[in-house]
Amino acid sequence: IFLFMGVLFGVILSLLLWIQWGVLRPVTRLHRGTEIIGKGNLDYKVGTRSRDEIGQLSRAFDQMTSNLRLVTASHDELNKEITERKRSERAVRASEARYRAVLESALDGIITADIKGNIISWNKGAQTIFGYSEEEVMGKTLTILMPERYRDPHRKGLEHFRRTGEGPVIGKVVELEGLR
């Protein structure tokens, strides 16, 4: 009977150790992992090597934290990009405000045109010099300001610039005649 009780005790002890090492320890480690990761430590690895369901769950948990690290890194990178873009937009707005202030306070006529030769900005100095209001010229071609004899050469020069990016007056001060 003592032998039978000893064997039974050994079996029960072995079973308890198996439960402790094979089930409770991985579950405890997984539980600990949820607490650690819940506090923001995404570097924690559960790392259970067993091939049973607990091991599969642990490996899935580790994969999830790995994916979360990638998402967090992407999120951080996106936040940096958004912050930089906002800073750039503020700088552009400030630069635009300075440009507008100079444009509107200049006594000289300042006219800008797009690649097609259409007027896209017109200051008060240009209004005084040419006698047209901003509403009369915006979106119209620059040739409305030129005597007839200059219009065709201007169109040809603009077409050459669109094709080649080169122009005879780009970056140079040129005196021209206007209609008014």
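Given the structure is predicted, the values throughout are model-derived calculations rather than measurements.

## Points about the overall build of the protein chain
A count of helices and strands for the protein chain gives 5 helices and 2 strands. Starting at the N terminus and ending at the C terminus, the protein chain contains elements arranged as α-α-β-β-α-α-α. Against the 2.2 N^0.38 benchmark of 16 Å for 180 residues, the protein chain shows a C-alpha radius of gyration of 39 Å, more extended than a compact globule. Along the three orthogonal principal directions, the C-alpha set of the protein chain runs to about 125 × 35 × 25 Å.

## Considerations on the pattern of salt bridges
Under the counting rule described, the total for this entry stands at 9 salt bridges. A cluster of three or more residues bridged by salt bridges with shared partners is formed by E159, R162 and R163.

## Regarding a negative patch on the surface
On the surface, E104, E134, E135 and E136 cluster together into a negatively charged patch. Sorting elements by how many residues they give to the negative patch places helix α4 (residues 134–137) first, with 3 residues.

## Thoughts on helix α2 (residues 53–105)
Owing to its 3.6 residues per turn, the α-helix aligns residues three or four sequence positions apart on the same side. Between the first and last C-alpha of α2 there are 77 Å, a value that for 53 residues agrees with the 78 Å anticipated at 1.5 Å per step. Among all positions of α2, only I54, G55, S58, F61, D62, T65 and L103 are buried.

## Here's the deal with the packing of aromatic side chains
One pass over the structure, following the stated rule, counts 1 aromatic pair. Ring geometry for W122 against F130: centres 5.8 Å apart, planes inclined by 40°, an arrangement best described as tilted. Using a relative accessible area of 16% as the deciding quantity, one classes F130 as buried.

## A few points about helix α5 (residues 148–164)
If you check α5, its first and last C-alpha atoms are 25 Å apart, about what 17 residues at 1.5 Å a residue would give, namely 24 Å. The first or second residue beyond α5 is G165, which carries a positive phi of 80°.

## Re a nonpolar patch on the surface
Where nonpolar side chains cluster on the molecular surface, the patch consists of I1, F2, F4, M5, L8, I12 and L16 and spans about 850 Å² of accessible area. For L16, the position within the fold is in helix α1 (residues 2–38).

## Focus on the pairing of strand β2 (residues 119–122)
Where strand β1 (residues 111–113) lies against β2, 3 bridges are found, and the strand directions are antiparallel. In the strand pairing of β2, A113 is matched with I119. In sequence, β1 turns back onto β2 through a hairpin of 5 residues, with G117 there showing a positive phi of about 90°.

## Some words on the side chain of N123
On the secondary structure map, N123 appears in the loop between β2 and α3 (124–130). For N123, the residues in contact, after removing those within four places along its chain, are L103, E104, A106, D108, G109 and I110.

## A few points about the environment of I37
Locating I37 in the fold gives a position in helix α1. For the pair I37 and L179, spaced 142 residues apart in the sequence, the C-alpha separation amounts to 75 Å. In contact with I37, not counting residues within four places along its chain, are L42, Y44, F61 and T65.

## Description of the nonpolar core
As a rule of thumb, soluble globular proteins bury nonpolar side chains together. Residues I119, W122, A126, F130, Y132, V137, L142, L145 and M146 constitute the largest nonpolar core, which totals 9 residues. When contributions to this core are tallied by element, the ones reaching two or more residues are β2 and α3. Excluding anything up to four places from it in sequence, Y132 contacts W122, Q127, V137, I144, L145 and R180. Of all hydrophobic cores here, the second largest spans 7 residues; its members include L42, Y44, V46 and F61.

## Section: the confidence of the model for the protein chain
Chain-level statistics for the protein chain give a pLDDT mean of 85 and a share of 94% at 70 or above. Averaged pLDDT values for the elements of the protein chain fall to 79 in α1 and rise to 95 in α4.

## Digging into the side chain of T65
Inspection of the secondary structure assignment puts T65 in helix α2. The class for T65 is buried, based on a relative accessible area of 0%. Only 2.8 Å separates the side chain of T65 from the backbone oxygen of D62, close enough to count as a polar contact. Ignoring any residue separated from it by four or fewer positions in sequence, one finds T65 in contact with I37, L42 and Y44.

Definitions and cut-offs
- Residues numbered from 1 in each chain as written.
- Predicted model: local features only at pLDDT ≥ 70, side-chain atom pairs only at ≥ 80, totals over all residues.
- Heavy atoms only, no water.
- Helix = DSSP H or I, 4+ residues; strand = E, 2+ residues; numbered from the N terminus.
- Rg over C-alpha atoms; globule rule 2.2 N^0.38 Å.
- Salt bridge = Lys/Arg side-chain N within 4 Å of Asp/Glu carboxyl O.
- Patch = residues over 30% accessible without salt bridge, like charges linked within 9 Å, V, L, I, M, F, W, Y side chains within 5 Å.
- Areas by Shrake-Rupley, 256 points an atom, 1.4 Å probe, with all protein chains shown as cover.
- Lys, Arg positive; Asp, Glu negative; His and termini not counted.
- Charge placed at Lys NZ, Arg CZ, Asp CG, Glu CD.
- Expected span 1.5 Å × (residues − 1).
- Buried < 20%, exposed > 50% of the residue type's maximum accessible area, 1.4 Å probe, protein only.
- Phe/Tyr/Trp six-rings, centres within 6.5 Å; stacked < 30°, edge-to-face > 60°.
- Pairing = 2+ DSSP bridges.
- Contact = heavy atoms within 4.5 Å.
- Core = buried A, V, L, I, M, F, W, Y, C linked by side-chain atoms within 4.5 Å.
- pLDDT = per-residue confidence, 0-100.
- Polar contact = N/O pair within 3.5 Å; in protein donor to acceptor, adjacent residues only side chain to side chain.

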